[in-house]
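Tertiary structure, described
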There are 2 protein chains.
Amino acid sequence: MTQLSPVGRPLRPQHKVLQEDARRHHRALILQQLFSDGPASRADLARATALTRVTVSDLVGEMIRDELLEELGAPAHDPAQSRVGKPPTLVGFVPEAAHIVCLDLSVEDTMTGAVTNLAGTVLSRRSVDTRGATGPDALALVHRLAADLVAEATRPVLGVGVGTPGVVDTEGTVLDAPNLGWQDVHLARSLHEALGLPVFVANDANTAALAEHTFGHAGEGGLMLVRVGKGVGAGLILGGQLLHGHRAAAGEIGHVVIDPAGTTCACGRVGCLETVLGVPRLRQRLEHDGPEALGRVGELLGTVLAPVVGTLNLHELVLSGPTDLLDGPLREATAATIRRNTMAVSGDHLVVRTSTLGEDVVLVGAAALVLAGELGVS
Amino acid sequence: MTQLSPVGRPLRPQHKVLQEDARRHHRALILQQLFSDGPASRADLARATALTRVTVSDLVGEMIRDELLEELGAPAHDPAQSRVGKPPTLVGFVPEAAHIVCLDLSVEDTMTGAVTNLAGTVLSRRSVDTRGATGPDALALVHRLAADLVAEATRPVLGVGVGTPGVVDTEGTVLDAPNLGWQDVHLARSLHEALGLPVFVANDANTAALAEHTFGHAGEGGLMLVRVGKGVGAGLILGGQLLHGHRAAAGEIGHVVIDPAGTTCACGRVGCLETVLGVPRLRQRLEHDGPEALGRVGELLGTVLAPVVGTLNLHELVLSGPTDLLDGPLREATAATIRRNTMAVSGDHLVVRTSTLGEDVVLVGAAALVLAGELGVS
DNA sequence: ATTTGTTAGTTCAGCGCACTTACTAACTCT
DNA sequence: AGAGTTAGTAAGTGCGCTGAACTAACAAAT
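Residues numbered from 1 in each chain as written. Chains lettered and ligands numbered in written order. Predicted model: local features only at pLDDT ≥ 70, side-chain atom pairs only at ≥ 80, totals over all residues. Heavy atoms only, no water.

1. Examining the packing of helix α6 (residues 204-214) of chain B against helix α13 (residues 361-375) of chain B
Residues and elements named next belong to chain B. For clarity, the threshold we go by: Axis lines are fitted through C-alpha atoms, for helices just across the contact stretch, and the angle between N-to-C directions can take any value from 0 to 180 degrees. We count a stretch as a helix when DSSP gives it H or I for four or more residues in a row; a strand needs E for two or more, and each element gets its number in order from the N terminus. Should an angle fall under 35 degrees it is called roughly parallel, over 145 degrees roughly antiparallel, and 65 to 115 degrees roughly perpendicular, with every other angle called oblique. We call two residues contacting when some pair of their heavy atoms lies within 4.5 Å. Each residue is assigned to one of three groups, with Ala, Val, Leu, Ile, Met, Phe, Trp, Tyr, Cys and Pro labelled nonpolar, Asp, Glu, Lys and Arg labelled charged, and all others, Gly among them, labelled polar.
Viewed as axis vectors pointing N to C, α6 and α13 meet at an angle of 75°, and their least axial separation amounts to 7 Å. The orientation of α6 with respect to α13, classified from their angle, is roughly perpendicular. Residues Asp204, Thr207, Ala208, Leu210, Ala211, Glu212 and Thr214 of α6 lie in contact with α13, whose contacting residues are Val361, Val362, Val364, Gly365, Ala366, Ala368 and Leu369. Split into classes, the residues belonging to the contact of α6 with α13 amount to nine nonpolar, three polar and two charged.

2. Structural notes on the sheet that holds strand β14 (residues 241-242) of chain A
All names here are of chain A. The line we're drawing: Any two strands with at least two DSSP bridges between them are considered paired.
A sheet is described by the order of its strands in space; here five strands give the open sequence β14-β13-β12-β15-β16, paired in mixed fashion. Of all strands in the sheet, those with a lone pairing partner are β14 and β16 (351-354), marking the two edges. Examined bridge by bridge, strand β12 (residues 223-228) and strand β15 (residues 316-320) share five bridges and lie parallel to one another. Bridge pairing in β15 links Val226 to Leu319. Packed on one face of the sheet, helix α6 (residues 204-214) meets β12, β13 (232-238), β14, β15 and β16 and runs near 45° to β13.

3. Brief notes about the relation of the copies chain A and chain B
What counts here: Superposing copies: least-squares fit, C-alpha atoms only, residues required to have pLDDT of at least 70 in both.
Mapping chain A onto chain B leaves a residual RMSD of 0.0 Å; the transformation is a rotation of 180° accompanied by 0.0 Å of translation along its axis. One copy is carried onto the other by what is essentially a two-fold rotation axis. Of the C-alpha atoms belonging to chain A, the one lying closest to the rotation axis is found on Val308(A), 2.5 Å away. Here 100% of the contact residues of chain A are again contact residues in chain B; the copies associate through an equivalent surface.

4. Comments concerning the packing of aromatic side chains
Residue and element names in this part refer to chain B. Let me state the cut-off plainly: Each pair of aromatic rings taken from Phe, Tyr and Trp, with Trp reduced to its six-membered ring, is defined by centres within 6.5 Å and is described as stacked if the planes are under 30 degrees apart, edge-to-face if over 60, and tilted in the remaining cases. Buried means the residue's accessible area, taken with a 1.4 Å probe over protein chains only, is under 20% of the maximum for its type, while exposed means over 50%, and partly exposed covers the values in between.
Scanning all chains against the criterion turns up four aromatic pairs over all chains. Ring centres of Phe35 and Phe93 lie 5.5 Å apart, and the angle between their planes is 85°; on these two criteria the pair is classed as edge-to-face. Taken together, the residues Phe35 in helix α1 (residues 19-37) and Phe93 in strand β3 (residues 90-93) connect sequence positions 58 residues apart. Residue Phe35 shares its accessibility class with Phe93, and that shared class is buried.

5. Notes on the domain arrangement of chain A
Heads up, the rule is: For the domain bounds, the source is a domain assignment made automatically or taken from a database.
If you check the domain split of chain A, you get domain 1 (19-75 + 88-93), domain 2 (98-209 + 361-375) and domain 3 (219-355). Measuring from the centre of the C-alpha atoms in domain 1 of chain A to the corresponding centre in domain 3 of chain A gives 39 Å.

6. Considering helix α2 (residues 42-49) of chain B
Residue and element names in this part refer to chain B. Filter applied, for reference: This arc is built from the directions going out from the helix axis to the C-beta atoms.
For α2, every residue scored as buried is listed here: Arg42, Leu45, Ala46 and Thr49. With its buried residues spanning 105° around the axis, α2 presents them on a single face. Looking at the residues trailing α2, positive phi occurs at Ala50, about 70°.

7. A word on the sheet that holds strand β1 (residues 40-41) of chain B
Residue and element names in this part refer to chain B. Pairing within the open sheet is antiparallel, and its three strands lie in the order β1-β3-β2. Strands with a single pairing partner mark the edges of an open sheet, and in this sheet they are β1 and β2 (69-73). Note that β2 and β3 share four bridges and pair antiparallel. Residue pairing in the sheet places Gly73 in a bridge with Leu90 of β3. Strands in contact with helix α3 (residues 53-65) are β2 and β3; relative to β2, the strand with the most contacts, it is inclined by about 105°.

8. Topic: the packing of helix α8 (residues 279-289) of chain A against helix α9 (residues 292-312) of chain A
All names here are of chain A. Axis separation between α8 and α9 bottoms out at 7 Å; the angle between their running directions is 135°. The angle between the axes of α8 and α9 places the two elements in the oblique class. The segment α8 lies against α9, with Leu282, Arg285, Leu286 and Asp289 engaging Glu292, Ala293, Leu294, Arg296 and Val297. The class makeup of the residues in the contact of α8 with α9 is five nonpolar, no polar and four charged.

9. Side note on the protein's contact with DNA strand C
Just so we agree on the cut-off: Any residue with a non-hydrogen atom lying within 4 Å of a molecule or strand is treated as near it. Here a polar contact is recorded for every N or O atom pair within 3.5 Å, except that within protein the pair must consist of a potential hydrogen donor and a potential acceptor, and residues adjacent in sequence are included only if both atoms are side-chain atoms.
Around DNA strand C, the surrounding shell holds 27 residues, and the nearest of these are Ser57(A), Thr89(A), Gln19(B), Arg23(B) and Thr55(B). Considering DNA strand C, the proportion of its atoms within 4 Å of the protein that are sugar or phosphate atoms stands at 66%. Note that a base nitrogen of DNA strand C is positioned 2.9 Å from one of the side-chain N or O atoms of Gln19(A). Residue His26(B) places a side-chain N or O atom 2.8 Å away from a phosphate oxygen belonging to DNA strand C.

10. Structural notes on the side chain of Thr311(A)
Mapped onto the elements, Thr311(A) comes out in helix α9. Judged by its relative accessible area of 0%, Thr311(A) is buried. Polar side-chain contacts of Thr311(A) include one of 2.5 Å to the backbone oxygen of Pro307(A). The contacts of Thr311(A), once residues within four sequence positions are left out, are Met224(B), Leu236(B), Ala250(B), Gly251(B), Ile253(B) and Val308(B).

11. A closer look at the interface of chain A and chain B
Our working definition: Once two parts are brought into contact, the accessible area they lose, counted with a 1.4 Å probe and summed over both, makes up the buried area. A carboxyl oxygen of Asp or Glu within 4 Å of a side-chain nitrogen of Lys or Arg is what we treat as a salt bridge.
Counting residues at the interface gives 54 residues for chain A and 55 residues for chain B. Overall, the association of chain A and chain B removes approximately 4400 Å² of surface from exposure, summing both partners, and the carbon and sulfur fraction of that is 64%. Scanning the region where chain A abuts chain B turns up zero salt bridges. Taken together, chain A and chain B are joined by 24 residue pairs in polar contact (both at pLDDT 80 or more). Secondary-structure elements contributing two or more residues to the side of chain A that touches chain B are α1 (19-37), α2 (42-49), β13, α9, α11 (329-341) and α12 (344-348) of chain A. Element by element, the count of residues in the side of chain A that touches chain B is highest for α9(A), at seven residues. Here the residues of the side of chain A that touches chain B are counted per class, giving 27 nonpolar, 21 polar and six charged.

12. A short note on the pairing of strand β7 (residues 157-164) of chain A
Residue and element names in this part refer to chain A. Counted residue by residue, β7 has eight buried out of eight residues, so it is predominantly covered. Here strand β4 (residues 99-104) runs beside β7; their pairing, made up of six bridges, is parallel. Each residue of the ladder has a partner; that of His99, found in β7, is Val157. One ladder, built from five bridges, connects β7 with strand β11 (residues 199-203); its direction is parallel. In the sheet register, Gly163 faces β11, and the bridge partner there is Ala202.

Structure below.
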């Protein structure tokens with residue numbers, strides 16, 4: 001499994017397991033439980049994780065000392081069932097235990113950043129007009145923005161997460177990001193060296209997918225998020241983990257040819273998905289041909305995605321972008337086409353929806369990246 | 001990642017890590033190394049796994065006592081480099097340490113089985129004409145065949161692996177296999193109860209993909225195997241692990257619609273991949289329209305797979321089935337179409353090839369299933 | 001009011017595992 | 001012959017989890 005590693009704490013050559021790792025893992029199990037299902041007693045946690053009460057007590061005690069958890073007293077008494085025995089003391093996750101600094105570099109001519117708490121709630125934001133800066137200049141802007149946000153945090157900073165356009169490897173190196181004029185930019189490393197914090201970098205569609213998985217009401221099965229902006233990209237969560245792909249280019253779906261009779265793309269090919277699904281083109285079509293044109297785009301999208309949905313037996317397909325364009329005939333036609341073009345097992349249980357996180361998907365996903373990397377919560 | 005669990009040794013509720021697990025994992029690391037790169041000294045293993053020499057010595061000693069490994073003496077001296085220091089003693093994997101019983105239920109009207117060693121070499125085989133048996137009758141035949149093969153093994157049997165058509169969940173329950181008339185058949189459980197051995201069951205295309213990954217010369221990146229028989233199915237290895245999908249139906253690609261203007265499929269839809277790529281149809285076409293017809297089929301296949309390859313950023317695409325049909329214009333057209341329809345990052349590093357394992361892919365894959373499940377080797 | 005039973009949480013001794021440190025073994029090069 | 005180097009082993013340490021036995025705090029039965 002390609003595991004994302006923060007800079008400054010590289011994974012060991014192979015994946016040998018130290019006892020220390022076991023402990024971190026068990027902490028993560030408990031955190032995950034409290035994170036997704038809310039407060040619980042130590043005994044509940046023991047049952048849920050299959051750890052013993054002793055171990056749970058120990059771990060919880062440690063995390064309470066770290067101020068990651070807090071005791072919440074006895075649960076509200078439910079008179080329906082006679083609660084025999086000593087009443088439990090609830091333990092809960094403390095979202096304000098630390099802050100996360102996250103950046104979204106995917107918006108054109110703008111860099112957005114925020115400080116969030118551990119629940120992904122945005123506490124403050126900042127943005128910079130890039131004025132077309134690229135290469136080292138763009139990198140400097142990122143550094144500046146990140147540093148400002150770190151200074152703004154009022155609690156210890158757990159880490160820095162970045163969602164950027166382009167192809168990003170698991171080390172946090174941006175291999176290629178044409179918009180920003182970056183090639184082989186060691187973004188994570190350089191930020192880590194400047195800030196002394198754990199830094200995680202991923203492609204914007206990937207962080208968006210992670211956001212949906214962590215903070216959206218996503219199910220257990222596989223999830224694919226298609227991000228529709230000026231360009232089109234996708235992120236996949238399979239088995240609870242981000243998929244990176246052989247050359248770190250998983251999700252690069254914008255230049256899959258879908259309409260060979262269509263218009264020429266910037267990449268030179270004819271009829272790339274981007275030339276059909278990109279926002280500018282969608283707006284144009286909507287104006288020209290009305291809403292039913294969106295339905296036709298949905299059919300095309302469904303046709304490209306049907307093989308993917310069928311092959312991966314996905315559970316959820318999330319569309320992220322301007323809701324007025326996506327959440328109508330387009331979504332419906334996409335869903336219908338996929339169902340029509342795949343087997344019942346694949347299609348019938350598929351959920352096709354738009355993102356629940358709005359404009360902040362990428363940003364909040366960057367936070368989720370840190371959460372997953374540092375605390376093992378997702 | 002959904003981990004496959006043998007019957008009779010269920011995974012613990014969550015995934016807590018015991019010390020015992022750590023040890024098993026480290027044993028697996030060493031085995032994996034010896035399995036894929038051949039004999040090595042303890043010191044080499046320590047370097048490769050990042051374990052200490054002490055730990056490696058301990059683990060190796062244990063495995064030598066278990067007769068899984070053996071000492072091979074000093075390595076052939078290479079006069080090129082001056083080998084200073086104490087000469088190492090090589091340690092090697094013993095393929096004959098145990099035998100594996102594997103079954104292939106995917107061939108029509110036939111059940112094939114074999115006894116293999118740990119290297120996947122077939123030592124003896126057996127097959128049964130099913131004479132159209134379905135349901136409990138077919139199950140009885142499987143039991144009989146498995147028992148006979150277990151009796152034939154001349155070494156302790158590591159486990160039983162089964163590759164079957166249909167949808168199989170991670171517990172080894174065949175949810176649906178029309179050809180065999182099976183629905184919710186607890187195949188793994190019933191075989192385990194009858195034989196008292198670990199049993200692993202997976203879809204035939206999945207075992208085939210695993211075979212290619214374990215015994216073929218597969219790379220590290222993602223692999224997809226498309227199995228072309230009377231029907232069409234696929235198996236995926238991502239991050240070194242089999243993908244199961246939300247409803248255990250990953251790889252069910254045979255009924256993705258590819259040619260809406262084509263012929264009606266048994267499933268009711270029009271133009272399923274199976275109606276184009278199924279062997280009977282291919283033979284028909286070849287006879288009627290000559291080899292170039294295969295090229296056209298390749299183009300269709302490439303069109304369905306391009307989105308998948310692009311989305312997953314796959315490394316290898318393996319075609320498995322009658323080589324005379326697949327390994328010519330069809331393969332070439334598929335590769336060309338995928339490259340034409342995807343970005344350079346996705347397409348340029350993709351390897352499209354036919355299977356190197358011939359008729360036995362599914363069978364040998366069933367062995368790989370056991371190997372992976374019991375020894376953690378893949 | 002006391003006893004009984006149940007559940008929550010803690011204390012303590014013990015065990016398995018991999019680690020560090022320090023050793024011996026066996027070879028090459030000078 | 002001695003110095004240097006690499007492979008492998010022995011002994012002791014520390015970490016993290018476990019089971020068993022404890023205390024605490026309640027409900028229900030007597």
